[in-house]
Amino acid sequence: MATIIDGKELSRKKRSEITAQSEEFARTYGRPPGLAVVLVGSDPASAIYVRNKGIACGQTGIRSFEYRLDEKTTQQELLALIDELNGRDEVDGILVQLPIPKHLNEKEVLLRIDPAKDVDGFHPFNMGMLLMGSPTLVPCTPRGIMEMLHEYGVEIRGKDAVVIGRSNIVGKPIALLLMMEHATITICHSRTRDLKDKIKRADIVVAAIGKEEMIRGDWIKDGAVVIDVGMNRSETGKLKGDVEFSEAEKHASMITPVPGGVGPMTITMLLDNTLIAAKARLS
Ligand code: NDP
C-alpha cells in the first residue's frame, strides 16, 4: 500500500513557519505582510475560496484586504482598483479571484497587476521567468506540489514524469518545475493518444484534468508517485480526484488523497508567496 502524502499535515507545518516569519517581518518593518483579494460577482465557490484565504491570512499573521465587487463592475472600475492596490505600500500581494464575469477581460486584468505583487504568479513576467529557469513568484498549486515531493524525499532527477493537463495555472508550470529538477517530462491533454500507455511508463504522475477518477488505478506503474490535483464534486456530493484512488494506492509508492492532498498546500503557498513578495519589496 502506498504512503499517503498528507497535504494537511505538511500545510500545518508550513503555516507555523509562515506565522513565525510574518511576526518577524512585522517586528522588522512595523507592519505585517498584506494580501489584497479581489472578488467580482457572487459565484458561491469563489466566495468560499476568498473567505478561506482571509481566514488563512488571519491565522498566519498576514493582513488581509478584501474587495467584493458587484457582478456588474466595469473593466475600468476593476483596473482602477488594481492601480490603487499596486500603489499601496501596505499591500504586498494582489490576487483577483478567477473566474471573473464574462464581460471582463481577464488577460488585461492579470497584466495590470504589478508583477512584484503577483502572488498568484500568473503575470506573463513571472510566467516568463519560470520558463527561462529563473522563477520569481511561482503559481501556488505547482509550488505546493514541489514542496510535497521534496518533503517526502521523492527523487525527481532523471525520472519520467507525466503531467496530464496543460493549463497555465497547473499543467504547464508544474511541468517546467519538474523539468528544472531534471525530470523528463511528457505533457498530455485532451488530444493525447494512448494516454494509458504513457501513464503506465511514468515514475511520477501529476493529474490536473478535472474529470472524476478518469485515470484508472491499474494504469499506475508499480512504485510510481501519484499527485492528484483534481477537485471534482461527485454525484454524492463528495470531493473526488482525477485518479481512481482505491485502486491506484495498491500500485503507487506514494499518493496524494483528495481531499487533504494538493488542496491545502495551494492556500499555504499563497501565504508563502505573499511573504516572499513582502520581503522582496521591502528588503
Ligand atoms: P483546465 O480545465 O484549465 O485544464 C484541464 C486540462 O485537462 C486541459 O489541458 C485539458 O486538455 C485536459 N484534459 C481534459 N480532458 C482530458 C482527457 N480526456 N484526457 C487528457 N487530458 C484531458 O483545469 P485546471 O488545470 O484549472 O484544473 C484541473 C483540475 O485541478 C480541476 O479539477 C481543478 O478543480 C483542479 N484544481 C485544483 C487545485 C487545488 O488546489 N487542489 C488548484 C487548481 C485546480 P485540453 O488543453 O486539450 O483542453
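Residues numbered from 1 in each chain as written. Predicted model: local features only at pLDDT ≥ 70, side-chain atom pairs only at ≥ 80, totals over all residues. Heavy atoms only, no water.

The next point concerns the overall build of the protein chain. When you go through the protein chain residue by residue, the secondary structure sums to ten helices and eleven strands. Taken against the 2.2 N^0.38 rule, which gives 19 Å for 283 residues, the C-alpha radius of gyration of the protein chain at 19 Å falls within 12% of a compact globule. Seen through its principal axes, the protein chain has C-alpha atoms that stretch 50 × 40 × 40 Å. Across the 283 residues in the protein chain, those meeting the buried criterion constitute 50%. Long-range pairs, those at least 24 residues apart, make up 70% of the contacts in the protein chain with a sequence separation of at least 6. If you sum the accessible surface of the protein chain, you get close to 13,400 Å²; carbon and sulfur atoms cover 52% of it. (Helix = DSSP H or I, 4+ residues; strand = E, 2+ residues; numbered from the N terminus. Rg over C-alpha atoms; globule rule 2.2 N^0.38 Å. Buried < 20%, exposed > 50% of the residue type's maximum accessible area, 1.4 Å probe, protein only. Contact = heavy atoms within 4.5 Å. Areas by Shrake-Rupley, 256 points an atom, 1.4 Å probe, with all protein chains shown as cover.)

Of note, S46 is situated in helix α2 (residues 44–59). With residues up to four places along the chain from it excluded, the contact list for S46 reads L39, Q97, L98 and P99.

To continue, consider the sheet that holds strand β1 (residues 3–4). Across the sheet, six strands lie side by side as β1-β11-β8-β7-β5-β6; this open sheet has parallel pairing. What marks the edges here is a single partner per strand, and that holds for β1 and β6 (184–188). Relative to strand β8 (residues 225–228), strand β7 (residues 204–207) is paired through four bridges, and the arrangement is parallel. Within β8, the residue paired with I204 across the bridge is V225. (Pairing = 2+ DSSP bridges.)

Right, let's talk about the pairing of strand β3 (residues 63–69) for a bit. Relative to β3, strand β2 (residues 34–40) is paired through seven bridges, and the arrangement is parallel. Counted as the bridge partner of V37 is E66 from β3. Regarding topology, α2 serves as the crossover connection from β2 to the parallel β3, and that connection is right-handed. (Right-handed = clockwise from strand over helix to strand, strands pointing away.)

Let us look at the pattern of salt bridges. Evaluated as defined, the whole model comprises 18 salt bridges. A salt bridge links R88 to E90; the nearest nitrogen and oxygen atoms lie 3.1 Å apart. The shortest N-O distance in the salt bridge between R143 and E147 comes to 3.6 Å. Taken together, the residues span about one helical turn, with R143 and E147 both in helix α6 (residues 140–151) at a distance of four residues. Here the two residues R143 and E147 agree in accessibility, since each one is buried. (Salt bridge = Lys/Arg side-chain N within 4 Å of Asp/Glu carboxyl O.)

What the three strands build is an open sheet, ordered β3-β2-β4; its pairing is parallel. Both edges of this open sheet fall to β3 and β4 (93–96), since each of them pairs with a single strand only. Ignoring strand direction, the axes of neighbouring strands in this sheet form an average angle of 15°. The strands touched by α2 are β2, β3 and β4; relative to β3, the strand with the most contacts, the crossing angle is about 160°. Against the sheet, helix α3 (residues 75–87) makes contact with β2, β3 and β4, and its axis sits at roughly 175° relative to β2, the strand it touches most. (Axes fitted to C-alpha atoms, helices over the stretch in contact; angles between N-to-C directions.)

Here the focus is the packing of helix α1 (residues 7–29) against α6. Taken N-terminus to C-terminus, the directions of α1 and α6 make an angle of 95°; their axes are 11 Å apart at the nearest point. Taken as axis vectors, α1 and α6 run roughly perpendicular relative to one another. On the side of α1, the interface is formed by G7, L10, K13 and K14, while α6 contributes E147, M148 and E151. Considered class by class, the residues forming the contact of α1 with α6 number two nonpolar, one polar and four charged. (Parallel < 35°, antiparallel > 145°, perpendicular 65-115°, else oblique. Nonpolar A, V, L, I, M, F, W, Y, C, P; charged D, E, K, R; others polar.)

The subject of this paragraph is the packing of α1 against helix α10 (residues 262–282). Any two packed helices are characterised by the angle at which their axes cross and by the distance between the axes. Put simply, α1 and α10 touch, their axes get as near as 9 Å, and they point 20° apart. Judged by the inter-axis angle, α1 sits roughly parallel to α10. Between α1 and α10 lies a crossing whose hand is left-handed. Across the interface between the two elements, G7, K8, L10, S11, K14, R15, I18, Q21, S22, F25 and Y29 of α1 pack against P264, M265, I267, T268, M269, L271, D272, L275, A278, K279 and L282 of α10. Counted by class, the contact of α1 with α10 contains twelve nonpolar, five polar and five charged residues. (Left-handed = near helix turned anticlockwise from the far one by under 90°.)

By themselves these figures say nothing about function.
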